[in-house]
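Below, each chain spelled out in residue letters.
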There are 2 protein chains.
Amino acid sequence: MEASKKDLTETARQVRVELGDRSYDIVIGRSVLGSLGTRFTSLFPGSRAVIITDCTVAGFHLEAAEASLRAQGIIPSVVVMEPGEKTKSYKGLIEACDGVLDTRLERGDLVVALGGGVIGDLAGFVAGIIRRGMRFIQVPTTLLAQVDSSVGGKTGINSAHGKNLIGLFNQPHLVLADTAVLDTLTPRDFRAGYAEVAKYGLINQPDFFEWLETNWQGIFDGGPEREEAIARSCQAKADVVAADEKEANQRALLNLGHTFGHALEGMAEYDSERIVHGEGVAIGMVLAHEFSAQLGLCDPAITDRVVAHLQTVGLPTHIGAIPGQLPKVDLLMDYIAQDKKVSRGALTFILTRGLGQSFVEKDVDPSVLRAFLEEKLN
Amino acid sequence: MEASKKDLTETARQVRVELGDRSYDIVIGRSVLGSLGTRFTSLFPGSRAVIITDCTVAGFHLEAAEASLRAQGIIPSVVVMEPGEKTKSYKGLIEACDGVLDTRLERGDLVVALGGGVIGDLAGFVAGIIRRGMRFIQVPTTLLAQVDSSVGGKTGINSAHGKNLIGLFNQPHLVLADTAVLDTLTPRDFRAGYAEVAKYGLINQPDFFEWLETNWQGIFDGGPEREEAIARSCQAKADVVAADEKEANQRALLNLGHTFGHALEGMAEYDSERIVHGEGVAIGMVLAHEFSAQLGLCDPAITDRVVAHLQTVGLPTHIGAIPGQLPKVDLLMDYIAQDKKVSRGALTFILTRGLGQSFVEKDVDPSVLRAFLEEKLN
């Protein structure tokens, strides 16, 4: 067993995020969590560690993470947060900061973010501001975190004003994506992460989207397609981030479906009973295609194809699929206007000209968008 | 009057902080606050502004700052905080973040920090984390902020664990140091700032310290010596920051007196009735000289000279001068151990070999320090 684990680790895929002296590797493979300790000590000899996680993830994977560090003589401290989007709040931030400060770790020591997108975003932010910057490692335990939030250095929390409005660009020093831990996800959470995988195809890789239409079952079942899809997704994200770390321009493509998605999450008050991030992205991507079609930019048949695939894997594809009351258009427009992707009044959206032909449109007329949304809400 | 103001602005001194594409100017002179608007629009045409200040400073200088911006067509939003060190807290951070988010300003807009060290540290931190980074201008209104905290990009808040433990290295885009606004300071606050001026002499410029011994009265009285002293202090800080922005090494020299000082502030619970930062630094610098003398590094006569000058300007020079109960040595050692200037157990202190001959000592034995402090507390 130990030997086969080692073999799997050694055959792990590696994707490099090229950012000069802040470059780092994403290591992807079954059971790579077991290599956390050796990778840690080889990258940061003599450093200590604090693991930030949530109680759900802790139940599944904390023991393995701790054991791997302990085997290398590192006794990690642990800060355990409540699970769920509401932890990405001022309250969660204070709790995590105080938890790390309690450990008396120093600037050269490391924060290990063990969890999904919420933990990764929070812990990456906390690492960036404790003692004006500790180092950190991402160990993403959800599909969404592995293909999206753990890569690229966007960290932060939400506020009453909207999602991710407070945070930092703060790059990790290593990302360790163990594809076996995804077996512990609920089907709903796995599907939500899959929305971000499909996104890379829809941004600018139509061949990848086609490959997903054929191979999605293997990804869900844990076949070799899973590593392939995660590595391709990470590579796509790494390429964009390396070219435009702070979203001056092309990085905005990664927000395909996100401005709509964030608004839907906001109107649902980030209540994961009603909607989780990946579901918002799925609906948002469909809306982006529909809106593009309505503007005459994109063949409506493309929207049908996108809807068909997302429905096949079980993702929601329209606003009405969100349980509870439909939002008012004013509320949605309000969230959209407060989204970071706004520049001097004009709205920036990712639109598309066809399958995998997305582009950044910085001059969307709010009244046209409002009319489109009103129609969708009726 | 308007003409003479303009002349004074035009003859303002300028110190450049060289940090590649994050370089910026410190502009120093009487009435330079009146040039805020023109400098703002020439540096950031089309951007909007939010001023973060406290109610004390607002009473004196907000009108002038707003008027200068309005004259250029910029209608600034304003966030007014409570004055005092306790604003550098989680609570203050949340209040300021929400205040800025309420304004709906965007990533390219600017935060203007109008106030002393507390406001500068808080607003610089807030600017760094709203929408993952807005730009910001420092308009320091205390001597301490003008010569120290507004320059160099250290921003942050305190926690129950200690001072400045949560924050960022975040460089401003401009520092506007109006020496006339210092006329509104209480004598105590002016003196506290002067401790940081004297510090630059004691770090590595014995000639500057000698010049201060002769010329201090002109600085306090608002003569041309004031601009000279502030410009020399800013230049000294700019040189150190340019060489070592993130305190890998020589920047630590700027902490002369600060590890002791922070511990004294901590034990007084940041109660400004008992001690303010500059007073802590004054006592801390004396302690650093005394400790150096006790270690046989420095002639005790140097300590006497430092004490004499600090006493001449009215600064406290020993722990017993702090009103209230003397701290227990355990508590001080605890704060010292939690200070950021700690590396793997050994304590880092700035010690000195003579007048203006400070150096970074990374291997101070805690037990030797404890014995020294016990003696001081008896």
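This text gives an overview of the structure that appears in the document. Since the structure is predicted, the reported quantities are computational estimates derived from the model, not experimental observations.

### So, the overall build of chain A
Line of reasoning, step 1. When helices and strands are tallied, chain A shows 14 helices and twelve strands.
Line of reasoning, step 2. Taking 378 residues into account, the globule formula puts the C-alpha radius of gyration at 21 Å, and chain A, at 20 Å, falls close to it.
Line of reasoning, step 3. By principal-axis analysis of the C-alpha atoms, chain A measures approximately 60 × 40 × 40 Å.
Line of reasoning, step 4. Taking as baseline every contact in chain A between residues at least 6 positions apart, the subset at least 24 positions apart corresponds to 74%.
Line of reasoning, step 5. Looking at chain A as shown, the accessible area adds up to about 13700 Å², and 49% of this sits on carbon and sulfur atoms.

### Observations regarding the pattern of salt bridges
Residue and element names in this part refer to chain A.
Line of reasoning, step 1. Per the counting criterion, the structure on display carries 46 salt bridges over all chains.
Line of reasoning, step 2. Of the charged contacts, one joins Glu-66 and Arg-70 as a salt bridge, the two residues approaching to 3.9 Å between their closest N and O atoms. Of this pair, Glu-66 and Arg-70 both sit in helix α3 (residues 55-70), four residues apart, roughly one helical turn.
Line of reasoning, step 3. For Glu-66, a relative accessible area of 16% corresponds to the buried category.
Line of reasoning, step 4. With relative accessibility at 43%, the residue Arg-70 sits in the partly exposed group.
Line of reasoning, step 5. Put simply, Glu-85, Lys-88, Asp-121, Lys-163 and Glu-265 are held in one network by salt bridges that share partners.

### Observations concerning the sheet that holds strand β3 (residues 49-54) of chain A
Strand pairs in the sheet, formed through backbone hydrogen bonds, run parallel or antiparallel to each other.
Residues and elements named next belong to chain A.
Line of reasoning, step 1. Read across the open sheet, the seven strands follow the order β1-β2-β9-β6-β5-β3-β4; overall the sheet is mixed. Each edge of the open sheet carries a strand with a single partner, namely β1 (13-17) and β4 (77-81). The sheet shows a mean angle of 15° between the axes of neighbouring strands, taken without regard to direction.
Line of reasoning, step 2. Of the pairings in the sheet, the one linking strand β2 (residues 24-29) to strand β9 (residues 174-178) comprises four bridges and is parallel in character. Across the sheet, the residue bridging to Ile-28 is Ala-177, located in β9.
Line of reasoning, step 3. With respect to the sheet, helix α2 (residues 36-43) is in contact with β1, β2, β3, β5 (110-115), β6 (135-140) and β9, its orientation differing from that of β9 by roughly 170°.

### A few points about helix α14 (residues 366-376) of chain A
Residue and element names in this part refer to chain A.
Line of reasoning, step 1. Taken residue by residue, α14 has Leu-369, Phe-372 and Leu-373 as its buried positions. One face of α14 carries all of its buried residues, which in axial projection span an arc of 95°.
Line of reasoning, step 2. On its buried side, α14 packs onto α10 (258-267), α11 (277-294), α13 (329-338), β11 (346-352) and β12 (358-364).

### Quick look at the packing of aromatic side chains
Line of reasoning, step 1. The tally for this structure, following the rule as stated, stands at 18 aromatic pairs over all chains.
Line of reasoning, step 2. Judged by centre distance (4.9 Å) and plane angle (50°), the rings of Phe-260 of chain A and Phe-349 of chain A are tilted. Placement of the pair is Phe-260 of chain A in helix α10 and Phe-349 of chain A in strand β11, with a sequence separation of 89 residues.
Line of reasoning, step 3. With a relative accessible area of 3%, Phe-349 of chain A lands in the buried category.
Line of reasoning, step 4. Taking 4.8 Å as the distance between ring centres and 40° as the angle between the ring planes, the aromatic pair formed by Phe-291 of chain B and Phe-372 of chain B counts as tilted. In this pair, Phe-291 of chain B is assigned in helix α11 (residues 277-294) and Phe-372 of chain B in helix α14 (residues 366-376), connecting sequence segments 81 residues apart.
Line of reasoning, step 5. On the basis of relative accessibility, which here comes to 1%, the residue Phe-291 of chain B falls in the buried class.
Line of reasoning, step 6. Given a relative accessible area of 1%, Phe-372 of chain B falls into the buried group.

Cut-offs and rules
Residues numbered from 1 in each chain as written. Chains lettered and ligands numbered in written order. Predicted model: local features only at pLDDT ≥ 70, side-chain atom pairs only at ≥ 80, totals over all residues. Heavy atoms only, no water. Helix = DSSP H or I, 4+ residues; strand = E, 2+ residues; numbered from the N terminus. Rg over C-alpha atoms; globule rule 2.2 N^0.38 Å. Contact = heavy atoms within 4.5 Å. Areas by Shrake-Rupley, 256 points an atom, 1.4 Å probe, with all protein chains shown as cover. Salt bridge = Lys/Arg side-chain N within 4 Å of Asp/Glu carboxyl O. Buried < 20%, exposed > 50% of the residue type's maximum accessible area, 1.4 Å probe, protein only. Pairing = 2+ DSSP bridges. Axes fitted to C-alpha atoms, helices over the stretch in contact; angles between N-to-C directions. Arc of directions from axis to C-beta. Phe/Tyr/Trp six-rings, centres within 6.5 Å; stacked < 30°, edge-to-face > 60°.

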